[in-house]
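Read off the chains here:
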Amino acid sequence: MRVVFGAGRVAELPAEADRFGLDRLVVVGTPGRAEDVKLVSTLLGRRVAGHFEDARMHVPASVVRAACEEVGRLGADGCVAIGGGSVIGLGKAVARRTGLPVIVVPTTYSGSEMTPIWGITEDGRKRTGRDIGVLPRSVVYDPELTRRLPPRVSGLSGLNAIAHAMEALYAPDASPVTSLMAEEGTRALATALPILIDEPGDLPARTLALRGSWLCGLCLGQTTMSLHHKLCHILGGTFDLPHAETHSILMPYVAAFNLPAAPAADAAMSRALGVAAPASELARLGALAGAAPSLGELGLAESDLDEVMRQVFSQPYANPRRLWPDEVRGLLLAALRGTPVQ
Ligand code: NAD
């Protein structure tokens, strides 16, 4: 994968397309972000065969089918996805189905562009998998494009990125290098996000945050995630809760639960966040970003927890602390009710 990073460097997108010999590209975007699609289309000029601007959160299978049909109809030779994780997810799903290459211009901090993980939601279930073929050929990070990202979106997607780092730190396949990236990614985002919530146009902070999300995305791609990502996956795929906000609300509870069982990860998170109690600091950052105070506020009901629990325990997976059903239910109830994190 190639990475182009820096303010103004989206101008190099045509050179990236030329490098891979792509000249019938479909530009993929999301409703409400027509200006991004326009900017990229103008830059790419004659290399654009058409647009698909209907990316949706959690990558519904119906949208993937529609996008692939459009790509086929236009005789495209690749896609350029500009936007957040929802748009990037659609670009990856199209790449998986069609085998066509995708170039990505990320405008949030989800980190999806750095992973070979695809996800598709159908019949109330989100399926994910790893396929090296969905990894973008080239990623263009341009902090200028993120200057108008609203403070709340910046904060919540930045916390989503920190969640990748936290779980990478206690992953069963963590390495010294992934741990280095996770700590530095968390530090970069925790430093940049409070600045961006006050001053969204601050270019040095935007640059730092993108650097953090790049690092945290790499961590997600290179390690195995645990309880936190499993829970967010179920809450998003089955209950349609908003991805980044769900991560932001839940992460302090999982941190309080898991980090005491993973001392090295706990120490790294404490250093990166500059505090002795990472869970409380993550809760503070979530509130600062404007996350709802509880999963209940997002519409999750106590009666939904049986289904969440059924899915959590349907398959074994790695976690630094042994999972007992009553403890996991207790964690979920606390997050659902917004009980202050201990
Ligand atoms: P998102 O893509 O839905 O974007 C959030 C909001 O930001 C949207 O309303 C969007 O229109 C807006 N936005 C984007 N760029 C903007 C800009 N420049 N200016 C103003 N507004 C802008 O949400 P997200 O948090 O970026 O991504 C969430 C999705 O990504 C989920 O579906 C999640 O499953 C997926 N994800 C996948 C991976 C992976 O590795 N596969 C990793 C992380 C997240």
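So, how was this worked out
Residues numbered from 1 in each chain as written. Predicted model: local features only at pLDDT ≥ 70, side-chain atom pairs only at ≥ 80, totals over all residues. Core = buried A, V, L, I, M, F, W, Y, C linked by C-beta atoms within 7 Å. Buried ≥ 20, exposed ≤ 12 C-beta atoms within 10 Å, placed from the backbone. Domains from an automatic or database assignment. Contact = placed C-beta atoms within 7 Å. Helix = DSSP H or I, 4+ residues; strand = E, 2+ residues; numbered from the N terminus. Near = placed C-beta within 6 Å. Nonpolar A, V, L, I, M, F, W, Y, C, P; charged D, E, K, R; others polar.

Chemist: What's the story with the nonpolar core in this structure? I'm lost.
Modeler: Nonpolar side chains in soluble globular proteins tend to end up buried together. Ranked by size, the top nonpolar core spans 118 residues in total, and within it L25, V28, C79, V80 and L90 carry the most contacts. Shared between two domains, this core holds at least three residues of each, these being domain 1 (2–146) and domain 2 (151–337). Those residues in contact with V28 that sit more than four places away from it in its chain are F52, A55, A67, C79, V80, A81, V87, L90 and G91.

Chemist: How do you make sense of the environment of S62 when you look at a structure like this?
Modeler: With respect to the helices and strands, S62 occurs in helix α3 (residues 61–74). Its 11 C-beta neighbours within 10 Å are what place S62 among the exposed residues. C-alpha separation for the pair S62 and G237, spaced 175 residues apart in sequence, amounts to 14 Å.

Chemist: I would appreciate a short explanation of the domain arrangement of the chain in the present structure.
Modeler: You'll often see interface size given as the accessible area lost when the parts meet. Partitioning the chain into domains gives domain 1 (2–146) and domain 2 (151–337). When each unit is reduced to the centre of its C-alpha atoms, the spacing between domain 1 and domain 2 is 25 Å. Taken together, the contact pairs 23 residues of domain 1 with 25 residues of domain 2. When residues of the side of domain 1 that touches domain 2 are traced back to their parent elements, those giving at least two are β6 (117–122) and β7 (125–130). Looking at the side of domain 1 that touches domain 2, the element that brings in the most residues is β7, giving three residues.

Chemist: Before we go on, may I ask you to explain the site of the ligand in this structure?
Modeler: Around the ligand lies a shell of 29 residues, among which G84, G85, S86, T108 and S112 are the nearest. Of all elements in the fold, only α4 (85–98), β6, α5 (151–169) and α9 (243–258) reach the threshold of two or more residues within the shell around the ligand. Ranked by residue count, the leading element in the shell around the ligand is α4, at four residues. Looking at the shell around the ligand residue by residue, the class counts come to eight nonpolar, 19 polar and two charged. The two domains that each donate at least three residues to the shell around the ligand are domain 1 (2–146) and domain 2 (151–337).

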